[in-house]
Amino acid sequence: MTYFYRARQKLSDMLRYTPTPIVEITDPIVEKAGVRVLMKREDLNHPLVSGNKWWKLKYNLEEAQQQNKKTLLTFGGAYSNHIYATAAAASELGFNCIGIIRGEETLPLNNTLSFAKQQRMNLHYVSREQYRTKATPEFINRLQQQFGDFYLIPEGGTNKLAVTGATEFAQTLGHDFDYVCCAVGTGGTLAGLINGLPSKKTIGFSVLKNGEFLKHDVERWVGEKHHWQIMTDYHFGGYAKTTRVLEQFIQQFEERNNIPLEHVYTGKMMAGVYDLIQKGYFQKGSTILTLHTGGLQGKRLF
Ligand SMILES: *Cc1c(COP(=O)(O)O)cnc(C)c1O
């Protein structure tokens, strides 16, 4: 077997989708409100490239291979699930991989970054000020001078091909629900849901403080559509921040449903869904499909 044949074979192995279950969430709050809550366990789709990151990388990996790129380059913070997933995918598929990491190196490396390093991701730290300019042609030019040719994947993995992957994910969800809910970081996943499920009410929960700008970012990918909304009150202090209330919610949910949640994404989204249920936001008798988008590598262990 030639190298290229093997690489192609590995890609098709990795991109063979393992269907994940949809499970019912039980809770007195849910019963009392007269709604049904389901959860799509997309966290189970791949052990390392999990949840929405698998779908967002899918067509980017194909494209990188088609363009005969040897190196992937991407961006993220020190706790980024996207950095973790990209490092694992690159290692599995034989790409070199460069991670542009926001902020200074902190030793010892946390789980995310030490895993990325083990997968032979080349970690390159830039100041927060520089990081803010990461999408400018000047900055990207400098990276090309420094690292040579690469296939660039933006922060959080969100680009057109990522939205295409998320749209395909949306189309695996069937039709037995009225609302679909997911956590929002960059909005790429939400955009795919909006495009793939035109007849469902689609609700994103911003995990960032001041997440109002996300509406505009999502509009870039979906155009003029109105069956969706972003909730901005469930960030619990901001990205990767947590509170006692959130931790208690997660613990209780895990005990009741035996499903692990983390505090960065799915935990916040579920806390938001429960709050809206209690406020009577969802129509009685309706079914709410929540998405477990994975990323349990970032789970805080107490
Ligand atoms: C990255 C991530 C998200 C956010 O996805 P976006 O497409 O950036 O909005 C949601 N959940 C998990 C677990 C993630 O890792």
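Up top is the structure these notes are about.
Residues numbered from 1 in each chain as written. Predicted model: local features only at pLDDT ≥ 70, side-chain atom pairs only at ≥ 80, totals over all residues. Heavy atoms only, no water.

### Concerning the pattern of salt bridges
Considering all chains together, one arrives at 11 salt bridges under this definition. In this structure, E155 and K134 form a salt bridge, with 3.5 Å as the shortest nitrogen-oxygen distance. Of this pair, E155 sits in the loop between β6 (151-153) and α8 (160-170) while K134 sits in the loop between α6 (128-132) and α7 (137-147); the two residues are 21 residues apart in sequence, bridging distant segments of the chain. Residue K134 is classed as buried on the basis of its relative accessible area, which comes to 15%. Notably, a salt bridge pairs K279 with D275, separated by 2.8 Å at the nearest N-O pair. The exposure class of K279 is exposed, given its relative accessible area of 60%. (Salt bridge = Lys/Arg side-chain N within 4 Å of Asp/Glu carboxyl O. Helix = DSSP H or I, 4+ residues; strand = E, 2+ residues; numbered from the N terminus. Buried < 20%, exposed > 50% of the residue type's maximum accessible area, 1.4 Å probe, protein only.)

### Digging into the layout of surface pockets
A volume near 1300 Å³ is recorded for the largest pocket. As for the largest pocket, its lining consists of 48 residues, and the residues nearest its centre are E155, G156, G185, T186 and L208. For the lining of the largest pocket, the elements supplying multiple residues, two or more each, are α3 (52-66), β3 (71-76), α4 (81-93), α6, β7 (179-184), α9 (188-196) and α10 (213-222). Element by element, the count of residues in the lining of the largest pocket is highest for α10, at five residues. (1 Å grid on protein atoms, 1.4 Å probe; cavity = no way out; pocket = protein on both sides within 12 Å on 5 of 7 lines; lining within 4 Å. Points joined across faces, edges and corners; volume = space filled by probe spheres on them.)

### Observations concerning the site of the ligand
Lining the immediate environment of the ligand, one finds 14 residues, of which K53, K56, T186, T189 and T293 sit closest. At a separation of 2.9 Å, an oxygen atom of the ligand approaches a polar backbone atom of G187. Within the side chain of T293, an N or O atom sits 2.6 Å from a nitrogen atom of the ligand. In the complex, the protein chains occlude 98% of the 390 Å² of accessible area that the ligand would expose alone. Counting atoms within 2 Å of the grid points, the majority share of the ligand lands in the largest pocket. Of all elements in the fold, only α3, β7 and α9 reach the threshold of two or more residues within the shell around the ligand. Taken together, the residues of the shell around the ligand break down into three nonpolar, nine polar and two charged. In terms of domain composition, the shell around the ligand takes at least three residues from each of domain 1 (10-48 + 169-298) and domain 2 (52-157). (Near = heavy atom within 4 Å. Polar contact = N/O pair within 3.5 Å; in protein donor to acceptor, adjacent residues only side chain to side chain. Areas by Shrake-Rupley, 256 points an atom, 1.4 Å probe, with all protein chains shown as cover. Sits in = over half its atoms within 2 Å of the grid points. Nonpolar A, V, L, I, M, F, W, Y, C, P; charged D, E, K, R; others polar. Domains from an automatic or database assignment.)

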